[in-house]
4 protein chains.
Amino acid sequence: MLKKKKDGEISEPSVKKIQFADQKQEFNKRPTKISRRSLSRSISQSSTDSYSSAASYTDSSDDETSPRDKQQKNSKGNADFCIKNIKQADFGRREIEIAEQEMPALMALRKRAQGEKPLAGAKIVGCTHITAQTAVLMETLSALGAQCRWAACNIYSTQNEVAAALAEGGFSVFAWKGESEDDFWWCIDRCVNVEGWQPNMILDDGGDLTHWIYKKYPNMFKKIKGIVEESVTGVHRLYQLSKAGKLCVPAMNVNDSVTKQKFDNLYCCRESILDGLKRTTDVMFGGKQVVVCGYGEVGKGCCAALKAMGSIVYVTEIDPICALQACMDGFRLVKLNEVIRQVDIVITCTGNKNVVVREYMDRMKNGCIVCNMGHSNTEIDVASLRTPELTWERVRSQVDHVIWPDGKRIVLLAESVLPVFHLFFIFVLSIIHALALIELYNAPEGRYKQDVYLLPKKMDEYVASLHLPTFDAHLTELSDEQAKYLGLNKNGPFKPNYYRSAAA
Amino acid sequence: MLKKKKDGEISEPSVKKIQFADQKQEFNKRPTKISRRSLSRSISQSSTDSYSSAASYTDSSDDETSPRDKQQKNSKGNADFCIKNIKQADFGRREIEIAEQEMPALMALRKRAQGEKPLAGAKIVGCTHITAQTAVLMETLSALGAQCRWAACNIYSTQNEVAAALAEGGFSVFAWKGESEDDFWWCIDRCVNVEGWQPNMILDDGGDLTHWIYKKYPNMFKKIKGIVEESVTGVHRLYQLSKAGKLCVPAMNVNDSVTKQKFDNLYCCRESILDGLKRTTDVMFGGKQVVVCGYGEVGKGCCAALKAMGSIVYVTEIDPICALQACMDGFRLVKLNEVIRQVDIVITCTGNKNVVVREYMDRMKNGCIVCNMGHSNTEIDVASLRTPELTWERVRSQVDHVIWPDGKRIVLLAESVLPVFHLFFIFVLSIIHALALIELYNAPEGRYKQDVYLLPKKMDEYVASLHLPTFDAHLTELSDEQAKYLGLNKNGPFKPNYYRSAAA
Amino acid sequence: MLKKKKDGEISEPSVKKIQFADQKQEFNKRPTKISRRSLSRSISQSSTDSYSSAASYTDSSDDETSPRDKQQKNSKGNADFCIKNIKQADFGRREIEIAEQEMPALMALRKRAQGEKPLAGAKIVGCTHITAQTAVLMETLSALGAQCRWAACNIYSTQNEVAAALAEGGFSVFAWKGESEDDFWWCIDRCVNVEGWQPNMILDDGGDLTHWIYKKYPNMFKKIKGIVEESVTGVHRLYQLSKAGKLCVPAMNVNDSVTKQKFDNLYCCRESILDGLKRTTDVMFGGKQVVVCGYGEVGKGCCAALKAMGSIVYVTEIDPICALQACMDGFRLVKLNEVIRQVDIVITCTGNKNVVVREYMDRMKNGCIVCNMGHSNTEIDVASLRTPELTWERVRSQVDHVIWPDGKRIVLLAESVLPVFHLFFIFVLSIIHALALIELYNAPEGRYKQDVYLLPKKMDEYVASLHLPTFDAHLTELSDEQAKYLGLNKNGPFKPNYYRSAAA
Amino acid sequence: MLKKKKDGEISEPSVKKIQFADQKQEFNKRPTKISRRSLSRSISQSSTDSYSSAASYTDSSDDETSPRDKQQKNSKGNADFCIKNIKQADFGRREIEIAEQEMPALMALRKRAQGEKPLAGAKIVGCTHITAQTAVLMETLSALGAQCRWAACNIYSTQNEVAAALAEGGFSVFAWKGESEDDFWWCIDRCVNVEGWQPNMILDDGGDLTHWIYKKYPNMFKKIKGIVEESVTGVHRLYQLSKAGKLCVPAMNVNDSVTKQKFDNLYCCRESILDGLKRTTDVMFGGKQVVVCGYGEVGKGCCAALKAMGSIVYVTEIDPICALQACMDGFRLVKLNEVIRQVDIVITCTGNKNVVVREYMDRMKNGCIVCNMGHSNTEIDVASLRTPELTWERVRSQVDHVIWPDGKRIVLLAESVLPVFHLFFIFVLSIIHALALIELYNAPEGRYKQDVYLLPKKMDEYVASLHLPTFDAHLTELSDEQAKYLGLNKNGPFKPNYYRSAAA
């Protein structure tokens, strides 16, 4: 489906080939950037190997047979899955157990709602990163009464051992690390195209699953109660469909919830930037000069963490409001070319393209680390480094040394680093997913129409409140008098709906 | 107009007396809290003296004659003003010059727009705190071509020496520290009710000036091009008028701009909480236990500053989203009663009422400081401390010791402390005011109707951009390719309008 | 004794005039720098008025009669003191009460040792800054049984109202703000030269008192049990005397205790740099560029505070170890000339001379604040600014604007700012003083010889332990097994003596 | 040599068996704790597998043959080494190259001193952790002219692939991960006991190498010019020898240098605590409650890092001075039992024993992480967890789950975690080692006697200065006038020798 050109860049035309001929009316309207982003979610082209938890080191000893050519069964004889190696299930189980420790809200929901089975009868088809955290979500959905079939939304991000544990646990999972493009769509199809089973809920991350059903099995939508979509890209597609009058079921945009924006971006990035850089490069942060491109929530998290570790941090921004915030937070606001010669680390988190171009990389000093923290891998112009005079050396998983003729080397972490480093962004997200599914599945007739909805403010607050017990945090309750004074319901919502989005 | 009861509390009935009989239709609809807030902006009832800059210490030697009974002229013979003492003009001038150093954006605007005089012909009547920062604003408006007449929006906050400098500079100012309620309205009336001069623009902080014109000189609105309103209260009143179909000119709500929310609240409070507490109590922050009630922007600023100074900070919250943010920022979330016995400092910034009640104050330890950082003085139940067994001792301006029968004393900073501590909140605000006035004054017919408008996103960004040069901050510009990729205009706005408001 | 030259600089020769002819043998050996430091402690030559707490604003209305020409008695008829105005006693008492809140360790000692009166019979003559904190110390010494007579160690730093309160309380205090040099020595002499009273303990800050007794009343040393000396200068003098074999009583160097170094320097400066700059200049710290000269404990405190407030901080250093610490703490290490054009604030805390010279000040930008946080006022070459083309304008107490011919002005806080800003450095110091006095006074014959002693490590630990209860801090005790394992006594000392001094 | 008892605890008697019968005179004097510490450096008894860099995951596929039974040659035919697998050399070389990026000071020294070969003729025998950083040190020593033979000072910490790269590069290395006790001494002996080669310098970490030569080849000391010793334990042994008059060559104690104390402890731990916990447990720090036992340099680093990540941090201390510092830095000082039920993470860095005992672990909540950051593994009473009712589960390298009968599990990182997490402590140390070796090797006759020396202050400063260029840090130089004023040499040392040690 996708063709890599020799230089690793994906040509525009090949992008369009993903789309079916008959769907052009709405999808052609997507701006170029969306196509690109979408791709970047599915396939990170510059990597030869990819995401690795500690666990995946064992993969090197794996055989090279395609999972599609293997016959595997779990210990109960079930064979309705396709994964790398069912034998890794025990190891995957331990990873899931560790993840459970860090997902108390979901575990609480599992416990609380288990009696009433709010998803009894739900048949959920999902397409997300397949990680230990996703496994905790799937097992929770199952505990709440749902049946699940699942594929990966990214050809590299699957934790094989987790997929094995899920398969062993009876889930129909179709995913492995290092799928080809053909594998990718084949897996999605295997989730959906089952005799005697039809999904009534969709959980999607990137819109590829929704897209596939739209095109191949449009009749399925008759039984589908709703779509929960997480990604910017997928949400954009849904709004396009809605505008074009072609959205035939209610959809929930969970990307723009406050809890998601704050916790997945600000707080998670504050930790994962350190962790990611340390694991891949062993760099020491104290005293290092770092430039962070972009001062949105991700950039704010990165800057705060690096400042705390004793780095000297510069920021680039295009938006004067974010720029002024950077100033007030104590970061020098510069243009990239002002500091490019002196910095030790360059981090991109703009959501933009070609923020770090060849010209800049030519001027970096020896040993400079270039790291993409943005959601897409467009920020660094990696293609421009695929020229004959530069030597590439893969030194660790995710880490390339690019070596100039004079011996200068830069350390490149070019792939979409957020999912690479840590799939933390499931921390809050999975509970939002679960609640959104429950809401859409149980909503009375007429509450939701064929439109795209934001997560209700009150549910956003509920998501937050589910996390409080793990911090032993005690919420204050309004007195009647105070509630009246403020004009609020004592149980919330506590902020108007227009407070939903994070400040610039 | 307002009657203080003996214990310093203002009774509800007296509040209503502010309103004219014939205006009840819309103003009666205001919820109680708004009345109270409005009052708190105009009059802080528990203080016997009030705001004091370093300068105001000299006031003690001033004579006690009411300014209304004095005949004063400035050095050019002009007598169209009413202030405490024209002789303080030189001192006030120095304070203004110091303020100019901290208001580079306004000074830049003054320089830039001086040639074109965008306010030529504007006759602005204003009602705000009268401080050095306001003076910089007024002199800027004048430099841009406007004529100004001004009264104070608060009977205590006027810096007399600044008012003197303004009068000396030819401004018609009617304000002094310690006005009576009657003085308050008399001053406003003197601004408006002039022979041969009619305002065509209103700048209001709290809505009292607007209110007065509405009731006494409704015909003036025929020539008025617009109202710029800063306060929560005043904005609320305007929306009420708009809903009731009684708003007869366009109005600009500048309270809800991002720059105002972020910079006045978060960043200013981060500095003013330390400054305010230090100046009034000389407390050392290191190692002190502090509870901050409320984790909005003000609370966030207070907490960050105190944490940095080595305090141990607890937070109380009612909103689970803010509560979870407090947790992730490293503060224990508690109920007030859990820590009230052990804390050294209690800070309120909830916007709520009776957050700190007598019961809590009875349990505080000796020497505990109780400080209100909220905009209104409702947060601490001061009235409950006006009981016979407690002794009050005013130890410094704004600082009372309240002494229990057993000798325990608490240190009370009960008044609306934000304006007390520092009128920093003019830092960004005054430039917003100036821009909003220019926009409304110059808007082509039809751009604004008889409605309440938010500051356009782009103007918000412009406000921010005006502050960047002072930080020697260099904004990055989008390339054409990048702008296209992001679907943005290269000159902004860079965020959708729904990004306007600060996150919960 | 000291002659100011017209340009405000004190000439070297005049320095020597302080010394008596017959004392040259040892004092002439002092290196120049020490003379200068000593002077800077006694007299800050560039100021025309000086230290001011809030209280001192009232002084402007005071009469101009010299205290030496006044006849004053306290309410009990006692006249053995010489101060500005006994009528300010009530106000001073309130200041002392506020200070008591912040000095829990001393108050605890007062309470604890009051029964046993460990200073019964002690006749202490003291020469220190006379502030509310000193008053708390003196009243504690008195409560422990001592008689006290006191003079000021600095001609500008006396809080007149505190001196009044002390006089009213029966203390023989000889000090006022704005003493002449003649007054300075006259006051010291009045403390010592009393009929029927002879001191047996000395508490000195700067060595001037010790010096006076040495020269004028050497026989007094026969009855003196010891000297407690706080300042670098005074300690240096004592070591010189000791080397020369002329020290005739034991002396305690309290300057180099760990608690003093850490708490007076690092922690106090962290707070007082913000407070001092804010009170004097109202500067907002967020986004400001600041260069801090010197990264010792004072510099570390300043840098940490400013970084936390959102300033961008540069550091200059001469010592590579401190320099590397600055790097690892996230500050760019520069030479002053690299950043002098761009910074908004320059802070000196090197202990060195001429760190900021005219050449640098010529290149500063308009509005730049130049602030001395060092103990002496040598760091800024103020004399170089006393040239005809520059205009000086005193805008507030301690704050001068120096104006260049082109209108550029710098804001100069040139005097020894530490005592100016806040006499916090008494926070820990006064308890150390008290303990050192008790130790020397009660030491058995032979424990201390005629030498200079450091505060015993164990007493240093005791000072720290006295402060713990105020923080509700619970110390862990070693088990017998653990003490044995570590080879420590369970009650300390917990560190070897060579841990005494702060790391480079 | 060492016998593990069944419960994993090493009995005291077995400790003594390490020592040779004829050496009891001095080594028997060592206090018990030192024996224990020494052991903990050599062998971490509670682990079944051990230190692992990313690289070592490949080891699982390795054969089980002992290296002593293998015949290996490097590509040049050299066989004078004994390591796990020479084939890993390429991988190890990449690890070394990455380490070089982070060791600029050593690389600078290598470049600078390469011409003059200051170690020409040096024959160095070393016994340290064998990691990529050590390899950079060894290759630098070699570049400076030295010959090196090396063994490991810890049976678990060797990075096999690095040892392979060294062997491939021609170094005689005798070390592998997972040596037996017999292997350990065999390796040391192979380094020393070579025909036709005799060492003239010793670099030791823990004293085992020195000890071995003392006992087996005492005549070797005739040609040995000096010992450089890094560890607390080894230094203690040397002081014992010196006291007993048995030290026959000069020794340099590099453990107590300022640069080592500050950079290895404070700054490295600030980073490695986050990295270590994240890699092993994936824990998210935001909002977590953590208790840090011990507030020395290591504790300070841990606390600062965790506070910055949004953890709520408690501290325990026995020393009131450190305790007060914790208070002033904003941490609640508690006894462990006050918070043990509520914390999510317990970190030990006291240097003490049995700080976390079974009783506490019984009361921890489910999922609590218990992590040792101290240099020795005595802090957690691991032996007390080896009881029948508790189940141990090794979930990752270095990570055990210990499971109570009720299902509660704690996550145990009990081994000496500093070397486990990251061998960062080589960051500064290796340059100190190199300089100390150069100094001792080149010192003129008589400069050093048969005693233990501290690193000269000036060399400490030189170590720091070597690191400055990598931070693009510009040191200020004293003018002649300033140097004279301060009484300093312009080239340092800048602090008196008593500033050497870190403050309590």
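Residues numbered from 1 in each chain as written. Chains lettered and ligands numbered in written order. Predicted model: local features only at pLDDT ≥ 70, side-chain atom pairs only at ≥ 80, totals over all residues.

Where an unreviewed UniProt entry is consulted, chain A appears under the name Putative adenosylhomocysteinase 3, with the organism given as Sinocyclocheilus grahami. Per UniProt, chain A carries the Sequence similarities (unreviewed entry) text "Belongs to the adenosylhomocysteinase family." (UniProt positions renumbered as here; feature names shortened; annotations may be inferred.)

Caption draft 1: Region of interest: the pairing of strand E7 (residues 289-293) of chain C. All names here are of chain C. Among the five residues in E7, four count as buried, and that is most of the element. Bridge count for E7 against strand E8 (residues 312-316) is five bridges, and the pairing is parallel. Bridging across to E8, Val290 finds its partner in Val313. Traced from E7 through helix H12 (residues 297-308) to E8, the parallel crossover comes out right-handed. (Buried ≥ 20, exposed ≤ 12 C-beta atoms within 10 Å, placed from the backbone. Helix = DSSP H or I, 4+ residues; strand = E, 2+ residues; numbered from the N terminus. Pairing = 2+ DSSP bridges. Right-handed = clockwise from strand over helix to strand, strands pointing away.)

Caption draft 2: Examining the relation of the copies chain B and chain D more closely. Aligned on chain D, chain B shows an RMSD of 0.1 Å; the corresponding rotation is 180° and the shift along the axis is 0.0 Å. Taken together, the rotation angle and the small translation identify this as a two-fold axis. When the interface residues of chain B are mapped onto chain D, 100% of them are again interface residues, pointing to one common binding face. (Least-squares fit on C-alpha atoms with pLDDT ≥ 70 in both. Contact = placed C-beta atoms within 7 Å.)

Caption draft 3: Just the interface of chain B and chain D, in detail. Every contact between the two is made by 11 residues of chain B and, on the other side, 11 residues of chain D. Looking at side-chain class alone, the side of chain B that touches chain D contains three nonpolar, five polar and three charged residues. (Nonpolar A, V, L, I, M, F, W, Y, C, P; charged D, E, K, R; others polar.)

Caption draft 4: Focus on the UniProt feature "binding site: substrate" (unreviewed entry) in chain A. Residues and elements named next belong to chain A. UniProt feature "binding site: substrate" (unreviewed entry): in the numbering of this structure it lies at Thr131, Asp205, Glu230, Lys260 and Asp264. For Thr131, the location among the structural elements is in the loop between strand E1 (123-128) and helix H6 (132-143). Structurally, Asp264 is set in helix H11 (residues 258-281). Here Asp264 falls in the buried class, since 24 other C-beta atoms lie within 10 Å of it.

Caption draft 5: The packing of helix H13 (residues 320-328) of chain C against helix H18 (residues 457-467) of chain D, seen in detail. Orientation of H13 of chain C relative to H18 of chain D, taken along the N-to-C sense of each, is 40°, at an axis distance of 8 Å. Taken together, the axes of H13 of chain C and H18 of chain D are oblique relative to one another. Both H13 of chain C and H18 of chain D take part in a crossing whose hand is left-handed. Mapping the contact onto sequence places Pro320, Ile321, Ala323 and Leu324 of chain C in H13 of chain C and Asp460, Glu461, Ala464, Ser465 and His467 of chain D in H18 of chain D. (Axes fitted to C-alpha atoms, helices over the stretch in contact; angles between N-to-C directions. Parallel < 35°, antiparallel > 145°, perpendicular 65-115°, else oblique. Left-handed = near helix turned anticlockwise from the far one by under 90°.)

Caption draft 6: Region of the structure containing the relation of the copies chain B and chain A. The transform that puts chain B on chain A rotates by 180° and translates by 0.0 Å along the axis, for an RMSD of 0.1 Å. Both copies share a contact surface, since 100% of the interface residues of chain B are interface residues in chain A too.

Caption draft 7: Structural context of the sheet that holds strand E2 (residues 147-152) of chain A. Residues and elements named next belong to chain A. Ordered in space as E3-E2-E1-E4-E5-E6-E15, the seven strands form an open sheet in which the pairing is parallel. Each edge of the open sheet is held by one strand with a lone partner, namely strand E3 (172-174) and strand E15 (452-454). Neighbour-to-neighbour, the strand axes of this sheet turn through a mean angle of 20°, independent of strand direction. Sheet topology places strand E4 (residues 201-204) next to strand E5 (residues 226-229); four bridges connect them, and they run parallel. When the sheet's bridge partners are listed, Met201 is paired in E5 with Gly226.

Caption draft 8: Quick peek at the interface of chain B and chain A. The interface of chain B with chain A comprises 51 residues on the first partner and 52 residues on the second. For the side of chain B that touches chain A, the secondary-structure elements that each account for two or more residues are helix H3 (32-42), helix H11 (258-281), helix H13 (320-328), helix H18 (457-467) and helix H19 (480-486) of chain B. Of all the elements, H13 of chain B adds the most residues to the side of chain B that touches chain A, at seven residues. Class assignment for the residues of the side of chain B that touches chain A results in 26 nonpolar, 13 polar and 12 charged.

Caption draft 9: Local environment of helix H7 (residues 160-168) of chain B. All names here are of chain B. Of all nine residues making up H7, nine are buried, and the element is well covered by its neighbours. Turning to H7, its buried residues are Asn160, Glu161, Val162, Ala163, Ala164, Ala165, Leu166, Ala167 and Glu168. As for H7, its buried residues are in contact with helix H4 (89-101), helix H6 (132-143) and strand E3 (172-174). The first or second residue beyond H7 is Gly170, which carries a positive phi of 100°.

Caption draft 10: A look at the packing of H6 of chain B against H7 of chain B. Residue and element names in this part refer to chain B. Taken N-terminus to C-terminus, the directions of H6 and H7 make an angle of 20°; their axes are 9 Å apart at the nearest point. With respect to their mutual orientation, H6 and H7 come out roughly parallel. The two elements H6 and H7 meet at a crossing, and its hand is right-handed. Contact residues: H6 offers Ala132, Ala135 and Met138, while H7 offers Val162, Ala165 and Leu166. Broken down by class, the residue content of the contact of H6 with H7 amounts to six nonpolar, no polar and no charged.

Caption draft 11: Expanded view of the confidence of the model for chain A. Residues and elements named next belong to chain A. The pLDDT averaged across chain A works out to 82; a share of 83% of its residues lies at or above 70. Model confidence for chain A, summarised as mean pLDDT per element, is weakest for helix H1 (residues 12-17) at 31 and strongest for E3 at 98. Long-range and interchain partners of residues 1-61, a stretch whose pLDDT sits below 50, account for 102 contacts in this model, where long-range means more than four residues apart. Across the predicted assembly, pTM comes out at 0.81 and ipTM at 0.78. (pLDDT = per-residue confidence, 0-100.)

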